[in-house]
Amino acid sequence: MIEIPEAPVTIESTYVDRHPGSMRLNGRASAVLPNGVTHDSRHMRPFPIYAESAAGAHKRDVDGHDLIDYVMAHGALLLGHSHPVVTQAAQAQLLRGTHYGASHEREIEWAEEVVRLVPSAEVVRFTSSGTEATLMALRLARTFTGRPGVIKFDRHFHGWHDYVVANSKYSAGPPPGVPQATLDSVSVLQLDMDEVRSVVAARADVGAIIVESAGASSGQLPVPRGFLQELQAFCRAESIVFIMDEVVTGFRWAPGGVQEVEGLEPDLTTLAKILAGGLPGGAVAGRREVMEHLRFPDPGSKAAKIGHPGTFNANPLSAAAGVACLREIADGSHQQRARDLGAQLRAGMNAALCELGIPGFVYGQSSEFRIVVAGTQVPEATDYDPHDLPWALMAEGMPGERTRLMQLAMTNRGVHLFGSGGLVSSVHTEDDIARTVEAWRDALVELRGERALG
Ligand SMILES: Cc1ncc(COP(=O)(O)O)c(C=O)c1O
């Protein structure tokens with residue numbers, strides 16, 4: 001009799017065996033959804049997990065596994081899943097109607113909360129997403145200044161519309177399908193004031209500079225200390241509209257975002273994610289003078305008006321959830337708790353790396369964390385200030401295959417990472433953190449056993 005050797009148990013085969021329901025759903029999804037997914041970041045070999053329900057800091061997949069969740073709705077959930085305050089507000093609104101096709105009081109309250117919390121916000125316009133918010137902010141800036149040129153920064157992510165997709169994490173090369181004239185209107189620079197000054201002088205048409213407030217890809221590459229202050233001062237001097245993209249950092253770094261922490265007053269701020277309490281929503285907020293271009297001009301005035309319909313702008317359901325969420329997070333205690341837990345998690349994960357002698361580090365700003373298992377061991381520390389870490393290692397990150405196997409190995413142990421990191425909420429517990437660190441230590445040993453760590 002011929003003996004068929006048994007396939008070795010690997011991280012991937014364990015993942016496949018543990019998730020038959022997700023595998024089945026992904027097979028079905030692949031017939032009707034490109035790659036079977038609805039967001040690029042969920043594309044995953046051999047298949048992503050399919051969630052069935054979620055509560056607090058956990059979600060449950062269709063195969064019945066409980067997962068400690070660090071995706072946290074791509075950063076939209078500072079209060080975790082189905083926080084009672086948000087859920088009750090949304091449920092009550094659901095019973096009163098989801099779309100009036102009319103103005104409503106919740107949208108006023110929502111805007112009032114934004115103006116109360118975000119230091120530079122005088123006037124607000126709601127959109128359905130962060131992508132729409134950055135699109136609107138750039139159009140406002142071009143209208144206000146009469147200058148079409150835009151500066152964005154290398155690898156800074158502002159959504160997926162035509163003006164911001166050059167050099168972002170989702171398109172390294174020339175982005176397909178974007179007209180060359182659009183690409184030519186945008187200069188992609190390093191975070192270097194000399195470069196900014198020389199491009200503004202050479203182009204002479206720059207009307208807007210947009211920056212991810214905590215640095216490229218939600219803080220993967222931090223902004224050098226003092227850079228935002230210099231950039232704001234330069235924009236003021238050159239009458240360029242300074243746009244801080246606080247889609248991720250807004251309401252997370254502090255109730256008023258990075259601008260509150262750093263004492264900044266951008267002309268425009270783009271918001272989404274936490275803004276709507278986990279429902280769809282975005283906004284541009286900013287100086288009245290710039291935002292005026294959304295107003296219908298007074299009779300006889302020749303002021304330019306930007307057209308802005310949008311079926312789901314300030315949708316009552318999102319507005320109700322958003323108001324409840326923003327009121328809940330207004331005193332800063334949720335941000336503080338999430339930040340403390342984030343630091344605890346990074347410290348625990350770093351301790352495991354040191355203990356096992358594996359080169360790499362876990363770092364992050366505020367309540368985020370990022371894993372780099374690569375390069376040389378950085379000096380032992382419990383937590384790292386990203387400004388002090390080797391830029392090249394942060395920029396390079398980990399090889400895709402290493403990130404993938406790490407995600408699979410952690411999922412097998414009941415931890416759902418967001419790429420090579422994640423976000424901590426205010427409802428994660430010390431026990432969640434301890435269990436994550438334990439899973440991490442075990443996963444590292446297994447990854448090393450499979451020679452997945454280089
Ligand atoms: C900094 C930043 N800006 C804009 C966006 C786009 O927001 P949305 O996904 O709501 O379109 C994102 C999304 O992750 C983001 O991280």
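All of the points below concern the structure found in this document. Per-chain numbering applies: the sequence of each chain, read as written, is numbered from 1 onward. Confidence filtering applies because this is a predicted model: local features only for residues at pLDDT of at least 70, side-chain atom pairs given and counted only at 80 or more, and all residues used for totals across whole chains, interfaces and linings. Side-chain calculation: all heavy atoms of the structure are included, whereas hydrogens and water are not.

### Some words on the site of the ligand
To be explicit about the condition: Proximity criterion: a residue is near a molecule or strand once any of its heavy atoms comes within 4 Å of it. Pairing of N or O atoms within 3.5 Å defines a polar contact, subject to two protein rules: one partner must be a possible hydrogen donor and the other a possible acceptor, and residues neighboring in sequence count only if both atoms are side-chain atoms. Here the Shrake-Rupley method, with its probe set to 1.4 Å, supplies the accessible areas, and only the displayed protein chains count as covering residues. Following the grouping adopted for this structure description, the nonpolar residues are Ala, Val, Leu, Ile, Met, Phe, Trp, Tyr, Cys and Pro, the charged ones are Asp, Glu, Lys and Arg, and the polar ones are all others, Gly among them.
Lining the immediate surroundings of the ligand are Ser-129, Gly-130, Thr-131, Phe-157, His-158, Gly-159, Glu-212, Asp-245, Val-247, Val-248 and Lys-273. A distance of 2.7 Å separates a nitrogen atom of the ligand from a polar atom in the side chain of Asp-245. Taking 390 Å² as the accessible area of the ligand by itself, protein coverage stands at 83%. Looking at side-chain class alone, the shell around the ligand contains three nonpolar, five polar and three charged residues.

### Comments concerning helix H16 (residues 400–412)
This is how it is decided: Strands are runs of DSSP state E lasting at least 2 residues, helices are runs of H or I lasting at least 4, and numbering of each runs from the N terminus. One less than the number of residues in a helix, times 1.5 Å, gives the span that helix is expected to have. The cut-offs for exposure are 20% and 50% of the maximum accessible area for each residue type, with area from a 1.4 Å probe on protein chains only; residues under the lower value are buried, those over the upper are exposed, and the others partly exposed. Here a residue-residue contact requires only that any non-hydrogen atoms of the pair lie within 4.5 Å.
In this model, H16 (13 residues) spans 18 Å end to end at C-alpha, consistent with the 18 Å of a helix rising 1.5 Å per residue. For H16, every residue scored as buried is listed here: Arg-402, Thr-403, Arg-404, Leu-405, Met-406, Gln-407, Leu-408, Ala-409, Met-410, Thr-411 and Asn-412. Tucked into the core, H16 has its buried residues touching helix H1 (11–18), strand S3 (66–69), strand S12 (368–372), strand S13 (415–416) and helix H17 (430–449). At the exit of H16 stands Gly-414, carrying a positive phi of roughly 85°.

### Here's the deal with the pattern of salt bridges
For clarity, the threshold we go by: The salt bridge definition used is simple: a Lys or Arg side-chain nitrogen within 4 Å of an Asp or Glu carboxyl oxygen.
Scanning the entire structure with this criterion turns up 23 salt bridges. Across the pair Arg-197 and Asp-194 runs a salt bridge, and its minimum N-O distance is 3.2 Å. Within this pair, Arg-197 and its partner Asp-194 are both found in helix H8 (residues 193–203), separated by three residues, close to a single helical turn. Assessed through its relative accessible area of 56%, Asp-194 is described here as exposed. Note that Arg-225 and Asp-385 form a salt bridge whose closest N and O atoms lie 2.8 Å from each other. Separated by 160 residues along the polypeptide, Arg-225 in the loop between helix H9 (216–219) and helix H10 (227–238) and Asp-385 in the loop between S12 and helix H15 (391–396) bring together distant segments of the chain. On the basis of relative accessibility, which here comes to 56%, the residue Arg-225 falls in the exposed class. Since its relative accessible area comes to 32%, Asp-385 is described here as partly exposed. Through salt bridges with shared partners, a single ionic network connects Glu-12, Arg-45, Glu-401 and Arg-404.

### Brief notes about unusual backbone geometry
In this structure, the amide linkage connecting Arg-45 to the following residue, Pro-46, adopts the cis form with an omega of 0°. Within the secondary structure, Pro-46 is located in the loop between helix H2 (20–32) and strand S1 (51–55). Look at Arg-155: it is not a glycine, yet its phi comes out positive at around 70°. Topologically, Arg-155 is positioned in the loop between strand S5 (149–153) and helix H7 (180–184).

### Some points on the side chain of Asn-315
By the secondary structure assignment, Asn-315 is in the loop between helix H12 (288–291) and helix H13 (316–328). Excluding residues that lie within four positions of it along the chain, Asn-315 makes contacts with Thr-98, His-99 and His-104.

### So, the packing of helix H5 (residues 105–117) against H13
For clarity, the cut-off: A fitted line through C-alpha atoms serves as each axis, taken over the contacting stretch for helices, and the angle formed by two N-to-C directions is quoted from 0 to 180°. Crossings are classed by handedness, with left-handed meaning an anticlockwise turn of the near helix from the far one by less than a right angle and right-handed meaning a clockwise turn.
Their axes nearest at 9 Å, the elements H5 and H13 cross at an angle of 35°. Taken as a pair, H5 and H13 cross one another with a handedness that is left-handed. Residues Arg-106, Glu-107, Glu-109, Trp-110, Glu-113, Val-114, Arg-116 and Leu-117 of H5 pack against Ser-318, Ala-319, Ala-320, Gly-322, Val-323, Leu-326 and Arg-327 of H13. Its residues assigned to classes, the contact of H5 with H13 shows seven nonpolar, two polar and six charged.

### Considering the environment of Val-437
Mapped onto the elements of the fold, Val-437 is located in helix H17. The spatial distance from the C-alpha of Val-437 to the C-alpha of Val-415 is 9.9 Å, given a sequence separation of 22 residues. When neighbours within four sequence positions are excluded, Val-437 is seen to be in contact with Leu-345, Gly-348 and Met-349.

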